[in-house]
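Results of the structural survey
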There are 2 protein chains.
Amino acid sequence: MSNNEGPGRTVTLSDVARSAGVSIATASKALNGREDVAPATRARVLEAADALAFTPNPMARGLLAGRTGTVGVLTSDLEGRFMIPILMGAEDAFGAGQVNVFLCDARGDAIREQHHLKALLSRRVDGIIVVGRQTDPRPSLGQDLPVPVVYAYSPSDDPRDLSLTPDNYAGGRLAVEHLISCGRTRIAHISGDPSYAAAQDRLAGAHAALARAGLELVGEPMFSMWTEHWGRDAAAMVLQRHPDVDAIFCGSDQIARGVLDTARDFGRTVPDDLAVIGYDNWEVLARNSRPELTSIDANLQQLGRQAAQRVFDAIDGVDIGEGTYHLPVRLVIRGSTIARQ
Amino acid sequence: MSNNEGPGRTVTLSDVARSAGVSIATASKALNGREDVAPATRARVLEAADALAFTPNPMARGLLAGRTGTVGVLTSDLEGRFMIPILMGAEDAFGAGQVNVFLCDARGDAIREQHHLKALLSRRVDGIIVVGRQTDPRPSLGQDLPVPVVYAYSPSDDPRDLSLTPDNYAGGRLAVEHLISCGRTRIAHISGDPSYAAAQDRLAGAHAALARAGLELVGEPMFSMWTEHWGRDAAAMVLQRHPDVDAIFCGSDQIARGVLDTARDFGRTVPDDLAVIGYDNWEVLARNSRPELTSIDANLQQLGRQAAQRVFDAIDGVDIGEGTYHLPVRLVIRGSTIARQ
DNA sequence: CTGTTAGCGCATTCAA
DNA sequence: TTGAATGCGCTAACAG
């Protein structure tokens, strides 16, 4: 387990050079594919490097190059449902190349975030992805950072930053359009915390789709929490006050699960008597309900991949651009809106 | 955005030294809190460093020390439910100190894992935590790695490695003991994939607790999948064949959710007519069911923290030990086993 | 107490 | 085509 004595000592370029009978400089050139080295010499060097299992020390290398081949991912809440797919997408995109990801979880604490930011910068990461936990704008890290930054999920509140966030407006529209195309006209909306931009944007999208069809929401949209419990309670109120409702657009899959539950209590058959559509396409919930839940998927993994690609580009000197991009979402149709044949 | 020209250039120790009017060496000593430097000088250096927002270059530092202050976390399946708390625990424990975490997701692919392992080693991480997705033993990374390795969740199949894994046997025992202490005697077991060690261990623990009370499982334990759907189907079978069952120990919270669902269809009141206990304490599921779900919590965050602590120690030269440690789990009591007053 | 010197591992001039 | 020398930013000996 010791790592700096005996034959287990880390093998350096000079070991390779000696073993190949050349100078350090020549060995370096040979290994890095520079042109001005004789084929025979190069072969010998490569062979020696291989035999010694030589891997260049990235710190020595970085010290010269000024690049570390690492990026930081600064998340504000690892626990959250949305981080993981984004993180996967990013790690994926980077993993393909030669860069590795430093993960930092700020636990939603601004102090801790500053701390981690400093740590990342002092590690000389080549770029940073900031992943937020809501789609509400978040404070910018500032413009004077020495590395490119991309904001994912939570956009930055500074328009000079580059932000990628899912298009909740389109999601709301998509959901309602689907319900209408299923022949529903009496549509209610049950959503979560109204202070979330996500809740408002989805509602706005829904309104737009309804208006285009000459329809209106049944009752007022109902806001409270993103939980199954609230879905149950709200659905009971809706079904009591508006028995003629024929579809409910839910702000999350959790809420939708609660709605399904209550619908059963009320003797309403889904999707025949009542269509239900969720949001997030959280498969654990959506695929295990009775019936399975139609939902809107925000393509978060894709979002993470794109964020990674952007910092990649920025590192390579490509102009990174600015402003907030709303990435497309998609409809996933299951049994809660269309009966299986 | 450029990072090596103009006044935005990275500030180095020599900048600080010049600004403070001392030599580089003195500046270094002052900043690192070495004793042999005059208080006044130290103050000037610190002031200068602060004014210039100096942060030491970890690569230069690491080049000397032979340490990078980084560890790798090699997960086999980020998506999985169990990674996140472990990851959080680890990141937490490290974040407190000065080390940062490289995250690598092998996606359950051995090739990819090898690739990432190489990448981590070539980055000279000081240690590695391997996080698996099941509690079944997994192939060891081998004994000849230049850095300490700790296996979390999935133990290594080589007893010379150090592994930390939750004590599923104790979990099964705990669950059944709780049911018995609630006065239940006709207990059935519905679990997931029988090829999982977790399924077998929990069952074994359950058997032990039953035996000690002079009881037996009602019917054969039922195995299939870790899903809500299976929980529903299995519960229907159990309730049909053994109407006198008064408790069901479920292998996962998902299964338990399905069981609760079916219990309602059968007109069984939980917990009065039927007690239900889940496993994993996945709050999204457990806290949103009707009634809320009693469950076993594996303390995964704690497990992650301990894994981090171990590699920490190992890096510091403390003997890391070997073998597989089964970490304690805990019972979380909610309404599905004990009625609220 | 402070400054000078050396060297970590590597890539890159520039001479030979 | 090769190699000796230089320096990236920092710390650890030592000498002053």
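All values derive from a computational prediction rather than experimental measurement.

Under the present numbering, the feature "domain: HTH lacI-type" (unreviewed entry) in UniProt falls on residues 11–65 of chain A. End C-alpha to end C-alpha, residues 11–65 of chain A measures 21 Å, and it is 67% helix and 0% strand.

This paragraph deals with helix 9 (residues 228–241) of chain B. Its 14 residues place the ends of helix 9 of chain B 20 Å apart at the C-alpha level, agreeing with the 20 Å of an ideal helix rising 1.5 Å per residue. In the core, the buried residues of helix 9 of chain B are packed alongside helix 10 (253–265) and helix 11 (283–286) of chain A together with strand 6 (187–191), strand 7 (222–223), strand 8 (247–250) and helix 10 (253–265) of chain B.

Turning to empty space enclosed by the protein, a few remarks are in order. Inspection of the entire model under this criterion finds one cavity of 30 Å³ or more. Estimates place the volume of the largest cavity at around 190 Å³. Taken together, A:P58, A:M59, A:T68, A:T70, A:F102, A:R123, B:P58, B:M59, B:T68, B:T70, B:F102 and B:R123 form the lining of the largest cavity. Taken together, the elements giving at least two residues each to the lining of the largest cavity come down to helix 4 (58–65) of chain A together with helix 4 (58–65) of chain B. Among the residues making up the lining of the largest cavity, the classes are represented as six nonpolar, four polar and two charged.

In the superposition of chain B on chain A (RMSD 0.6 Å, axial shift 0.2 Å), the rotation amounts to 180°. Viewed as a symmetry operation, the transformation between the two copies matches a two-fold axis. A symmetric contact is evident, with 98% of the interface residues of chain B recurring at the interface of chain A.

As a structural note, the neighbourhood of DNA strand C is formed by 23 residues, with A:L13, A:L64, B:K29, B:A38 and B:T41 the closest of them. Backbone atoms, meaning sugar and phosphate, form 61% of the atoms of DNA strand C found within 4 Å of the protein. Side-chain polar atom of A:R61 to a phosphate oxygen of DNA strand C: 2.9 Å apart, as the coordinates give it. B:S23 places a polar main-chain atom, nitrogen or oxygen, 3.0 Å from a phosphate oxygen of DNA strand C. When residues of the surface near DNA strand C are traced back to their parent elements, those giving at least two are helix 2 (24–31) and helix 4 of chain A together with helix 2 (24–31) and helix 4 of chain B. Its residues placed into classes, the surface near DNA strand C shows 12 nonpolar, seven polar and four charged.

We now examine the sheet that holds strand 7 of chain B. All names here are of chain B. Sheet architecture is open: four strands sit in the order 7-6-8-9, paired in parallel fashion. Two strands in the sheet have a free side with no partner beyond their single neighbour: strand 7 and strand 9 (275–277). With three bridges connecting them, strand 8 and strand 9 associate as parallel partners. Bridging from a neighbouring strand, F249 pairs with I277 of strand 9. The strands touched by helix 7 (residues 168–181) are strand 6, strand 8 and strand 9; relative to strand 8, the strand with the most contacts, the crossing angle is about 165°.

This paragraph deals with the sheet that holds strand 3 (residues 127–131) of chain B. Judged by pairing direction, the sheet is mixed, and its 12 strands sit side by side in the order 11(A)-5(A)-4(A)-3(A)-1(A)-2(A)-2(B)-1(B)-3(B)-4(B)-5(B)-11(B) without closing on themselves. If you trace the sheet from one side to the other, it starts and ends with strand 11 (323–327) of chain A together with strand 11 (323–327) of chain B, each paired once. Strand-to-strand twist across the sheet, computed as the mean angle between neighbouring axes with direction ignored, equals 25°. Contacts from helix 12 (residues 300–315) of chain B reach strand 1 (70–75), strand 3, strand 4 (149–152), strand 5 (162–166) and strand 11 of chain B, with the element oriented near 170° to strand 5 of chain B.

Moving on: a nonpolar patch on the surface. A cluster of nonpolar side chains, namely A:L63, A:L64, B:L63 and B:L64, defines an oily patch on the protein surface of about 440 Å² accessible area. Turning to its location among the elements, A:L64 is positioned in helix 4.

Here we come to the side chain of A:D105. By the element assignment, A:D105 lies in strand 2 (residues 100–105). Reaching out from A:D105, the side chain makes a polar contact with the backbone nitrogen of A:L78 at a distance of 3.4 Å. For A:D105, the residues in contact, after removing those within four places along its chain, are A:T75, A:S76, A:D77, A:L78, A:R112, A:H116, B:M88 and B:E91.

About the cut-offs
Residues numbered from 1 in each chain as written. Chains lettered and ligands numbered in written order. Predicted model: local features only at pLDDT ≥ 70, side-chain atom pairs only at ≥ 80, totals over all residues. Heavy atoms only, no water. UniProt positions renumbered as here; feature names shortened; annotations may be inferred. Helix = DSSP H or I, 4+ residues; strand = E, 2+ residues; numbered from the N terminus. Expected span 1.5 Å × (residues − 1). Contact = heavy atoms within 4.5 Å. 1 Å grid on protein atoms, 1.4 Å probe; cavity = no way out; pocket = protein on both sides within 12 Å on 5 of 7 lines; lining within 4 Å. Points joined across faces, edges and corners; volume = space filled by probe spheres on them. Nonpolar A, V, L, I, M, F, W, Y, C, P; charged D, E, K, R; others polar. Least-squares fit on C-alpha atoms with pLDDT ≥ 70 in both. Near = heavy atom within 4 Å. Polar contact = N/O pair within 3.5 Å; in protein donor to acceptor, adjacent residues only side chain to side chain. Pairing = 2+ DSSP bridges. Axes fitted to C-alpha atoms, helices over the stretch in contact; angles between N-to-C directions. Patch = residues over 30% accessible without salt bridge, like charges linked within 9 Å, V, L, I, M, F, W, Y side chains within 5 Å. Areas by Shrake-Rupley, 256 points an atom, 1.4 Å probe, with all protein chains shown as cover. Salt bridge = Lys/Arg side-chain N within 4 Å of Asp/Glu carboxyl O.

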